[in-house]
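Coordinate analysis (summary)
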Amino acid sequence: MIYANRADWLAASRKRLLFFGMSGLGKTHVSSMLRAAPSGWFHYSVDYRIGTRYMGEYIADNFKREAMKNPFLAELLLSDSVYIASNITFDNLAPLSTYLGKPGSEPKGGLPFDEYMRRQNQHRAAEQASLMDTTHFIDRSRAIYGLKHFVCDSGGSICEVVEPDDPHDPILRELSSHLLMVWIEGSEAHTGELVRRFDRAPKPMYYQPQFLEKKWLQYRVERGLKEDEVNPDDFIRWTYAQALDHRQPRYAAMARNWGIKVAASDVALVRDEKDLTSLIAAALPG
């Protein structure tokens, strides 16, 4: 770890953090809070980088394919009379989620599984590249903007694109050599609430390929369905809770081998930079 103990952390003139964990537990909230702090924090969002730098063209082309189905819009596109682009922000990643899609029946809004997996693989490559871009942005934030501190707001799927128990994992070695990696650990109550929230509004997400292929087969066998008979929303609802269980030990291994952990319930009480500094200090060895 770049801070060997709490004294090192508290004395550091340039603080660098990376938050990881399940979506919905406060990574983006606390990162945005630091961005607004007067001491000067640069907020690097991995999901934003994925959706703009690495998958922006895929997303825009998907919009254009849909627009070309409308003769009025098709004519305007072909004459360069309109411009179509996504408007991704740190707080609104809907264009990226929409592009990833859900596998299953096309009349019900699904994608053929092969196409769905193609987009999943695009996301995996984009996420790995965006994570490796972190150190470039550490240098950039200081050289261009003169900001002292840096926070990386990673996506919930970070644990799916690294090997937490491999001491030679290139992404984790790079990240941990430049930032303190902090797991925001949720409780069973948090998990239950995330599942209920997802059930109300299921959204596309990235899964590890081996896990996804196994669940796709298991779901269809249990229900006796062909690929084009699967209800996309029902499948991803069924998969989501199992995905959280799948991710939990991977997050734990990341914290054990590469960083520290803090409780989501404690993060929820953080009001300002001072509170967060104290919370991180308490999680580091004395």
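For the structure, check the block above.
The notes below deal with the structure included here. From a predicted model like this one, the values you see are computed outputs, not experimental measurements.

**A few points about the overall build of the chain**
Scanning the chain from N- to C-terminus turns up 14 helices and 5 strands. The C-alpha radius of gyration of the chain comes to 20 Å, within 12% of the 19 Å expected for a compact globule of 286 residues. In terms of overall dimensions, the chain has a C-alpha envelope of 60 × 50 × 35 Å along the principal axes. Among the 286 residues that make up the chain, the fraction classed as buried is 50%. Long-range contacts, defined here as pairs at least 24 residues apart, represent 76% of the contacts in the chain between residues at least 6 apart. For the chain, the exposed surface amounts to about 13900 Å²; the carbon and sulfur share of it is 51%.

**Some words on the nonpolar core**
Here is a general trend for soluble globular proteins: nonpolar side chains tend to be buried in one another's company. Membership of the largest hydrophobic core comes to 77 residues, with the highest contact counts inside it found for Leu17, Phe19, Phe20 and Leu276. If one sorts the elements of this core by residue count, helix 12 (residues 232-258) sits on top with 10 residues. For Phe19, the residues in contact, after removing those within four places along its chain, are Lys27, Val30, Ser31, Leu34, Val151, Cys152, Asp153, Ser154, Val182, Ile184 and Leu276.

**Brief notes about the state of the cysteines**
Scanning all chains against the criterion turns up 0 disulfides. Counting only cysteine sulfurs, Cys159 is the nearest neighbor of Cys152, a cysteine outside any disulfide, at a range of 14 Å. Looking at Cys152, the relative accessible area reads 0%, which means it is buried.

**Comments concerning the sheet that holds strand 3 (residues 149-153)**
The parallel open sheet is built from 5 strands, whose spatial order is 2-3-1-4-5. With partners counted over all chains shown, the strands left at the sheet margins are strand 2 (41-45) and strand 5 (259-263), one partner each. Going from strand to strand, the sheet's axes swing by 25° on average, the running direction of each strand aside. Taken together, the 5 bridges between strand 2 and strand 3 define a ladder with parallel strand orientation. When the bridges of strand 3 are listed, Phe42 appears paired with Phe150. Running over the sheet, helix 12 touches strand 1 (16-20), strand 4 (180-185) and strand 5 and is turned about 145° from strand 4.

**Looking at the packing of aromatic side chains**
For the structure shown, the criterion picks out 18 aromatic pairs. When the centroid spacing of 3.9 Å and the interplanar angle of 0° are considered together, the rings of Phe198 and Tyr240 count as stacked. One end of the pair, Phe198, is in helix 10 (residues 188-200); the other, Tyr240, is in helix 12, and 42 residues separate them in sequence. Note on accessibility: Phe198 and Tyr240 belong to one class, buried. Aromatic ring contacts, followed pair by pair, group Phe113, Tyr116, Trp216, Tyr219, Phe235 and Trp238 into a single cluster. The ring of Tyr54 has Arg53 lying over it, and the distance from NZ or CZ to the ring centre is 4.7 Å.

**Regarding helix 4 (residues 56-67)**
The terminal C-alpha atoms of helix 4, which comprises 12 residues, lie 17 Å apart, in line with the 16 Å expected from a rise of 1.5 Å per residue. Looking at the buried side of helix 4, the elements it contacts are helix 3 (46-54), helix 5 (71-78), helix 6 (94-100) and helix 7 (113-132).

**Focus on the side chain of Ser154**
Inspection of the secondary structure puts Ser154 in the loop between strand 3 and helix 9 (170-176). Ser154 gets classed as buried once you look at its relative accessible area, which sits at 2%. One polar contact links the side chain of Ser154 to the main-chain carbonyl oxygen of Phe19, over a distance of 2.6 Å. Non-local contacts of Ser154, meaning those with residues more than four positions away in its chain, are made with Leu18, Phe19, Phe20, Lys27 and Val46.

Reading the values: rules and limits
Residues numbered from 1 in each chain as written. Predicted model: local features only at pLDDT ≥ 70, side-chain atom pairs only at ≥ 80, totals over all residues. Heavy atoms only, no water. Helix = DSSP H or I, 4+ residues; strand = E, 2+ residues; numbered from the N terminus. Rg over C-alpha atoms; globule rule 2.2 N^0.38 Å. Buried < 20%, exposed > 50% of the residue type's maximum accessible area, 1.4 Å probe, protein only. Contact = heavy atoms within 4.5 Å. Areas by Shrake-Rupley, 256 points an atom, 1.4 Å probe, with all protein chains shown as cover. Core = buried A, V, L, I, M, F, W, Y, C linked by side-chain atoms within 4.5 Å. Disulfide = S-S within 2.5 Å. Pairing = 2+ DSSP bridges. Axes fitted to C-alpha atoms, helices over the stretch in contact; angles between N-to-C directions. Phe/Tyr/Trp six-rings, centres within 6.5 Å; stacked < 30°, edge-to-face > 60°. Lys NZ or Arg CZ within 6 Å of the ring centre and 35° of its normal. Expected span 1.5 Å × (residues − 1). Polar contact = N/O pair within 3.5 Å; in protein donor to acceptor, adjacent residues only side chain to side chain.

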